[in-house]
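So you can see what is in the structure, the chains are spelled out below.
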Amino acid sequence: MKGEYKTKEQLIDELVEMRQRVAELEAADTERVRAEQAIPERRIWLPVAGMFVLLCILVWLNEIVDLPHLLLGAPHTPINWREAIIEMVLIAGVGLFVVLRLIRDITERKRAEQAVRRQRDELAARAGILSATLRTMDLDELLDIILNEVLAFLQVEFGSIHLVQGNEVVLRCWRGLSDAFRAHVLSFSADDPPDWMRELRVIHEWLSQQGLTPDFAKRDGIQAWAGIPLCLPARKGEAGEWLGTILAGSRRYEALSEDEVRALEAMADQVALAIDHARTYRQAQERLARLQTLRDIDRAIIQQLDLREVLHVVLERVPKELGADAAAISLLDEGQLRPKIFAMRLQDGTFVEEEVFTLAENLLHWFVERQKPVIIYDLTQDPRVQMHRGRIRNDRLISYLGVPLIVHDRTIGIFHIMAAKPKVFADEDVGFFCTMAGQVAIAIENARLYEAVKQELTERKRAEEELQRTLAKLREALGGIIQTVALTVETRDPYTAGHQRRVADLARAIANEIGLPEEQIDGIRMAGLIHDLGKIGVPAGILSWPGQLNDLQFGLIKMHSQIGYDILKTVEFPWPVAQIVLQHHERLDGSGYPQGLSGDEIMPEARILAVADVVEAMASRRPYRPPRGLDKALEEISQHRGVLYDAEAVDACLKLFIEKGFEFE
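This section reports on the structure supplied with the text.

The rules behind the values
Residues numbered from 1 in each chain as written. Predicted model: local features only at pLDDT ≥ 70, side-chain atom pairs only at ≥ 80, totals over all residues. Heavy atoms only, no water. Helix = DSSP H or I, 4+ residues; strand = E, 2+ residues; numbered from the N terminus. Buried < 20%, exposed > 50% of the residue type's maximum accessible area, 1.4 Å probe, protein only. Contact = heavy atoms within 4.5 Å. Pairing = 2+ DSSP bridges. Axes fitted to C-alpha atoms, helices over the stretch in contact; angles between N-to-C directions. Parallel < 35°, antiparallel > 145°, perpendicular 65-115°, else oblique. Nonpolar A, V, L, I, M, F, W, Y, C, P; charged D, E, K, R; others polar. Arc of directions from axis to C-beta.

### Details of the environment of Ala 183
Within the secondary structure, Ala 183 sits in helix 6 (residues 179-185). Here Ala 183 falls in the partly exposed class, since its relative accessible area comes to 40%. For the pair Ala 183 and Gln 381, spaced 198 residues apart in sequence, the C-alpha to C-alpha distance is 8.8 Å.

### Topic: helix 18 (residues 560-568)
Burial in helix 18 covers these residues: His 560, Ser 561, Ile 563, Gly 564, Tyr 565 and Leu 568. The elements touched by buried residues of helix 18 are helix 17 (551-558) and helix 19 (577-583).

### What to know about the pairing of strand 1 (residues 158-165)
Judged by how many residues are buried, strand 1 sits mostly within the fold: eight of eight residues are covered. Both faces of strand 1 are covered, namely the face carrying Phe 158, Ser 160, His 162 and Val 164 and the face carrying Gly 159, Ile 161, Leu 163 and Gln 165. Note: strand 1 against strand 6 (residues 242-250), six bridges, orientation antiparallel. Of the residues in strand 6, the one forming a bridge with Leu 163 is Gly 244. Here strand 1 hands over to strand 2 (residues 168-175) after two residues, with Gly 166 in that stretch at a positive phi of 65 degrees.

### Details of unusual backbone geometry
In this model, Tyr 593 is joined to Pro 594 through a cis peptide bond whose omega is 10 degrees. Looking at where Pro 594 falls in the secondary structure, it is placed in the loop between helix 19 and helix 20 (604-619). Residues other than glycine seldom take positive phi values, yet His 408 does so here, at roughly 55 degrees. Mapped onto the secondary structure, His 408 falls in the loop between strand 13 (399-407) and strand 14 (410-419). Relative accessible area serves as the criterion here: at 74%, His 408 is assigned to the exposed category.

### Thoughts on the packing of helix 14 (residues 499-514) against helix 22 (residues 647-658)
Running from amino to carboxyl end, helix 14 crosses helix 22 at an angle of 105 degrees, the nearest separation of the two axes being 9 Å. By the criterion of interaxial angle, the relationship of helix 14 to helix 22 is roughly perpendicular. Here helix 14 contributes Leu 506, Ala 509, Ile 510, Glu 513 and Ile 514 to the contact with helix 22, which in turn contributes Glu 648, Ala 649, Ala 652, Cys 653, Lys 655, Leu 656 and Phe 657. Broken down by class, the residue content of the contact of helix 14 with helix 22 amounts to nine nonpolar, no polar and three charged.

### Concerning helix 21 (residues 630-639)
Listed in full, the buried residues belonging to helix 21 are Ala 633, Leu 634, Glu 636 and Ile 637. The buried residues of helix 21 occupy an angular sector of 155 degrees when the element is viewed end-on, so they sit on one face. For helix 21, the exposed residues set more than 90 degrees away from the buried face come down to Asp 631 and Gln 639.

Written as structure tokens, this is what we have:
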């Protein structure tokens with residue numbers, strides 16, 4: 001079926017069949033030529049026919065003038081004019097029949113030869129395209145082969161192939177077109193392409209004739225041209241997808257017959273399928289290359305902290321197969337008016353570390369203010385990028401993509417991509433290079449930060465010792481202040497004198513047994529020294545009340561955690577002291593106060609302090625009861641391990657007293 005999708009095996013079988021048919025036609029043509037050379041019929045038929053006509057004329061003359069009597073003197077025979085006229089008519093008719101038959105035979109042979117030759121050429125072109133499809137999946141190579149086969153089949157000197165890329169129809173391959181011609185057909189909008197791109201047309205127009213041939217084509221002397229659309233086969237219920245168009249032309253007015261173009265149209269489905277397969281393969285390869293490139297660049301630049309090394313690594317790894325025949329990075333100065341650092345990789349791999357092209361001010365502001373990519377299809381026609389070095393011009397860089405390097409909403413530079421062939425950067429290309437530019441910008445910023453850190457490193461080292469000494473003094477002063485605050489609390493509650501210090505010591509020992517970091521242990525100890533600071537806000541009479549406290553009195557006592565937090569929350573401690581003080585009476589099951597927190601809502605430091613507070617409080621005397629003793633205290637935390645008290649803190653506390661002989665001072 002025309003335009004049917006075929007497997008590789010089917011294509012191979014079709015190619016073999018085409019080649020066999022071409023071989024048969026060539027063999028038949030060769031045999032014909034050999035036969036003509038052995039028996040030159042056309043050269044023999046005419047003399048034979050002439051001799052036959054001459055013989056007829058002699059016979060007729062004999063009837064009229066009696067040749068034997070005239071030439072040999074034989075007795076004269078009377079002329080029968082009636083018979084002579086009849087013979088003359090018959091002889092003339094036979095002669096005319098022979099000549100006409102000869103002419104018709106030659107004409108038919110000519111037509112047959114032309115038909116066979118056209119069929120052979122068409123099959124050869126089909127076989128060439130099919131062979132290329134099986135031989136290569138490279139889109140550019142395939143387009144070159146297809147265009148060469150088409151031009152050879154049509155025997156014309158101009159040709160091009162346009163393909164749909166995103167929202168553009170782009171010139172991808174050409175032969176014989178001048179620079180001026182190419183400039184007019186480089187790309188068209190896919191939404192509104194010229195009519196000859198979507199419809200099969202064969203145009204013959206003299207150069208002086210006004211018609212469909214555009215002036216730029218006439219300037220190249222084109223008098224015959226045709227557009228052959230390439231469409232994928234229509235699927236059920238859907239229209240066939242338009243892939244692009246083949247354009248063929250000639251300076252010869254009589255070139256490009258309708259039959260030849262129609263024959264080429266019959267190949268269009270096969271050509272479209274071949275291009276679609278190669279295009280799909282290339283897209284997959286490009287996606288893989290993009291991912292691999294991003295991965296490689298990411299791994300490479302993450303190991304580099306020197307700015308110039310970062311630039312070199314990036315430019316080395318920008319893939320040429322994605323259109324980056326040359327690449328450059330320019331970093332802007334503080335005023336963002338011109339590059340202060342420039343690095344470029346040329347097509348031959350040479351690196352240049354000096355500015356080799358300049359950007360127009362309006363283009364530079366576009367990168368800085370709009371922070372959008374800029375695409376220039378033809379650098380030779382756009383003055384906004386001025387190349388002022390001969391070796392750059394000699395590289396014939398044509399298409400350009402510029403992407404801003406942005407860090408924290410600020411443009412720090414520009415990533416330049418340049419292609420040596422006309423290229424329309426599709427959305428996927430632009431997206432890839434924008435992603436890459438994001439990587440590069442981060443790497444550049446990291447390298448700059450590293451440079452800044454390196455410059456400050458010596459200064460920091462000198463200041464570090466002084467800072468440590470100052471910190472030690474501050475800690476000593478803070479410790480003294482906390483001790484003073486703790487003593488202040490104890491003067492109001494003489495029955496609990498030393499309670500905060502002992503709780504702090506036990507809490508520190510528990511934290512150390514658990515294996516907490518030293519810094520966290522210091523915070524627990526400091527919080528323990530002032531965990532009852534809030535009792536400053538509780539009446540002294542209640543604190544020393546000898547009997548059982550009523551609900552109102554106990555409610556006032558319970559406020560001391562919140563009061564302590566309110567006092568400490570504005571103090572800038574290096575540890576969360578205020579939160580620890582607030583939560584040291586919370587319990588795992590939510591029965592504590594003041595917030596009724598439970599489980600992981602309670603800070604680890606507060607859980608440790610809670611265990612130490614309960615053990616010390618139960619083991620010590622209070623105004624309203626005698627001491628219950630250490631055994632009762634340890635029994636309390638054991639019975640409620642994991643219910644009221646943190647299991648890990650309880651285990652560490654029991655181990656301290658039972659196995660390691662910990663004692664309160």
